[in-house]
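Chains, contacts and geometry: an overview
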Amino acid sequence: MRILTEISENLQKGKATIVKELVQQASDEGIPVQQILDEGLLAGMSIIGEKFKNNEVFVPEVLVAARAMNMGAALLKPLMASAGVEAAGKVCIGTVKGDLHDIGKNLVKMMMEGKGLEVIDLGTDVAPETYVQTAIDQGCQIICCSALLTTTMGVMEEVVKKADEAGIRSKVKIMVGGAPVTQTFCDQIGADCYTADAAVAMCRSA
Ligand code: B12
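Heads up: these notes are all about the structure in this document. Predicted model, so just to flag it, every value in this text is computed and none were measured.

For the ligand, the set of nearby residues contains 33 residues, the closest of which are Leu-100, His-101, Asp-102, Ser-146 and Thr-150. Contact distances for the ligand include 3.1 Å between a nitrogen atom and a backbone N or O atom of Gly-98. Contact between the ligand and Asp-99: an oxygen atom at 3.5 Å from a side-chain N or O atom of the residue. It is helix H3 (residues 33-53) that provides the largest number of residues to the shell around the ligand, a total of five residues. Looking at the shell around the ligand residue by residue, the classes come out as 20 nonpolar, nine polar and four charged.

Our focus in this paragraph is the coordination of the cobalt atom of the ligand. Within the protein, just one atom coordinates the cobalt atom of the ligand: His-101 (NE2), at a distance of 2.2 Å. If you trace the backbone, His-101 turns up in the loop between strand E1 (90-95) and helix H5 (103-114).

It is worth spelling out the sheet that holds strand E5 (residues 193-194) at this point. The five strands lie next to each other as E2-E1-E3-E4-E5, forming an open sheet whose pairing is parallel. The sheet is open, and its two borders are formed by strand E2 (118-121) and E5, each paired with just one other strand. Of the strand pairs in this sheet, strand E3 (residues 142-146) and strand E4 (residues 173-177) are connected by five bridges, and their pairing is parallel. Looking at the pairing, Ser-146 lines up with Gly-177 of E4. Of the strands in this sheet, E1, E2 and E3 are in contact with helix H6 (residues 128-138), which crosses E1 at around 160 degrees. Seen against the sheet, helix H7 (residues 155-165) touches E3 and E4 and runs at an angle of roughly 175 degrees to E4.

Below, the discussion takes up the packing of H6 against H7. Contact geometry for H6 and H7: axes closest at 8 Å, N-to-C directions at 40 degrees. Overall, the two elements H6 and H7 adopt an arrangement that is oblique. Crossing of H6 over H7 shows right-handed handedness. Touching Pro-128, Glu-129, Tyr-131 and Val-132 of H6 are Val-155, Glu-158, Val-159, Lys-162 and Ala-163, all from H7. Here the contact of H6 with H7 is built from residues that sort into six nonpolar, no polar and three charged.

Further remarks concern the nonpolar core. In this structure, Ile-7, Leu-11, Ile-36, Leu-41, Met-45 and Met-69 are the most contacted members of the largest nonpolar core, which totals 28 residues. Contributions of two or more residues to this core are made by helix H1 (2-12), helix H2 (16-28), H3, helix H4 (59-80) and H5. With seven residues, H4 is the single largest residue contributor to this core. Counting contributing residues, this core receives three or more from each of domain 1 (2-82) and domain 2 (90-205). Those residues in contact with Leu-41, other than ones at most four positions away along the chain, are Ile-7, Leu-11, Val-19, Val-23, Ile-36, Met-69, Gly-72, Ala-73 and Leu-76. Cys-140, Val-155, Cys-186 and Ala-191 belong to the second largest nonpolar core, which has 27 residues in total.

Before going further, it helps to spend a moment on the pattern of salt bridges. In this structure the tally under the stated criterion is eight salt bridges. Linking Arg-2 and Glu-6 is a salt bridge whose minimum nitrogen-to-oxygen distance equals 3.5 Å. A residue pair is termed a helical-turn pair when its members lie 3 or 4 positions apart in one helix, as Arg-2 and Glu-6 do in helix H1 at four residues. Exposure remark for Arg-2: the relative accessible area of 52% places this residue in the exposed category. We note a salt bridge from Lys-161 to Glu-158, for which the minimum N-O separation is 3.9 Å. Of this pair, Lys-161 and Glu-158 both sit in helix H7, separated by three residues, roughly a single helical turn. Judged by its relative accessible area of 33%, Glu-158 is partly exposed. Where salt bridges share partners, they join Arg-2, Glu-6 and Glu-9 into one cluster.

Definitions and cut-offs
- Residues numbered from 1 in each chain as written.
- Predicted model: local features only at pLDDT ≥ 70, side-chain atom pairs only at ≥ 80, totals over all residues.
- Heavy atoms only, no water.
- Near = heavy atom within 4 Å.
- Polar contact = N/O pair within 3.5 Å; in protein donor to acceptor, adjacent residues only side chain to side chain.
- Helix = DSSP H or I, 4+ residues; strand = E, 2+ residues; numbered from the N terminus.
- Nonpolar A, V, L, I, M, F, W, Y, C, P; charged D, E, K, R; others polar.
- Donors = N, O, S within 2.8 Å, 3.2 Å for Na, K, Ca; no water.
- Pairing = 2+ DSSP bridges.
- Contact = heavy atoms within 4.5 Å.
- Axes fitted to C-alpha atoms, helices over the stretch in contact; angles between N-to-C directions.
- Parallel < 35°, antiparallel > 145°, perpendicular 65-115°, else oblique.
- Left-handed = near helix turned anticlockwise from the far one by under 90°.
- Core = buried A, V, L, I, M, F, W, Y, C linked by side-chain atoms within 4.5 Å.
- Buried < 20%, exposed > 50% of the residue type's maximum accessible area, 1.4 Å probe, protein only.
- Domains from an automatic or database assignment.
- Salt bridge = Lys/Arg side-chain N within 4 Å of Asp/Glu carboxyl O.

See the structure below:
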């Protein structure tokens, strides 16, 4: 669909205002939210990812694209939220210590909120103790950890250990995700659940 291609192209150029307008237009035209997200915003972000890997674009370009992605996604958020639904549970989510990537984490958060869960966003660079203390203080049933760097994935194991030490392991499910994370890794560190993308994370958390 032309408009979805335009969203992707403008996102790659970091044109946040145009992305926002096009996302609004696409939604007004009745294109499903999931399709706008997948074929517009995420498609653009994935091309930027490839170009970043191949040194065709650099950090500043990625940052403006990320900003456009977040602005477009923020517009979709209320459309995903099921109006007036009472929170079905409480989740705390964050990107692990040492890692500043938050686009995927924000998407998972949005999807979970859309499913009626109350989500406490701990942001990025989150220490294992912070996840566990928040889960205790706020009574969260799920801790969600995101990592995009192979060098920070190991922090997730620390979260599992700290939850164990704090005596809350049986009461809290630990979900892990992010591009380098796999089911094997999830099993290895003793986490409860891994999903490859935000949409599945939403279903599993329900
Ligand atoms: C955007 C980006 C950045 C931006 C981040 C902006 C931001 N606000 O997030 C900036 C420019 C800051 C950046 C910096 C760096 N980056 Co960077 N970045 C990326 C890039 C291009 C896209 C990531 C992204 O947002 N993808 C889109 C989202 C939607 O996908 P996602 O995060 O995977 O999330 C999905 C799933 O994984 C899942 N998910 C995510 N989290 C969770 C959590 C749970 C619980 C669940 C269930 C699911 C789930 O759901 C999401 C949606 O479906 C990737 C390349 C790539 N292809 O991934 C590199 C990439 C991750 N970066 C990389 C690197 C090396 C860096 C830097 C070290 C570069 C540098 N030399 O400075 C720094 C590190 C900074 C730091 N300390 O964190 C490498 C990592 C290599 C590795 N194997 O470790 C990558 C893979 C690029 C590459 N190929 O070299 N980066």
